[in-house]
Amino acid sequence: QVQLRESGGGLVQAGGSLRLSCTASGSIFSISAMGWYRQGPGKKRELVAAVTSGGRTNYADFVKGRFTISRDNAKNTVSLQMNSLMPEDTAVYYCNYARPGYDYWGQGTQVTVSS
């Protein structure tokens, strides 16, 4: 089992910034991917950004150039720096830890961007 603890959501005005962090604990494998997904009101959960233990990153097109994902393998943490936030970024953001055959999710943190 892997437990994920998220922090950093909140309310921000359009154009502002927030930083999300997630720490994994438990059965941590050396080969894994960590990332952030989000689910807006009435929408399906979607990938925002992910990073492998080897440092390869993947971003959704709608956040390229605005969001940056980073990972500290020694601390089992993943962070998402979100800049130039827009009202359409409003959603519950979920931390994800994935290793072959397994997916783990955090409880989610609310991000609200006001116009």
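Residues numbered from 1 in each chain as written. Predicted model: local features only at pLDDT ≥ 70, side-chain atom pairs only at ≥ 80, totals over all residues. Heavy atoms only, no water.

Chemist: Describe the overall build of the protein, with residues and values.
Modeler: Each helix and strand in the protein was counted, giving zero helices and eleven strands. Mapped from its N terminus to its C terminus, the protein presents α and β elements in the order β-β-β-β-β-β-β-β-β-β-β. In terms of its C-alpha atoms, the protein occupies a principal-axis envelope of roughly 40 × 25 × 20 Å. Sequence-distant contacts, at least 24 apart, represent 53% of the contacts inside the protein between residues at least 6 apart. Split by element, the accessible area of the protein, about 6100 Å² in all, is 49% carbon and sulfur. Computing the positive centroid from 12 side-chain charges and the negative centroid from 7, the protein places the two 4 Å apart. (Helix = DSSP H or I, 4+ residues; strand = E, 2+ residues; numbered from the N terminus. Contact = heavy atoms within 4.5 Å. Areas by Shrake-Rupley, 256 points an atom, 1.4 Å probe, with all protein chains shown as cover. Lys, Arg positive; Asp, Glu negative; His and termini not counted. Charge placed at Lys NZ, Arg CZ, Asp CG, Glu CD.)

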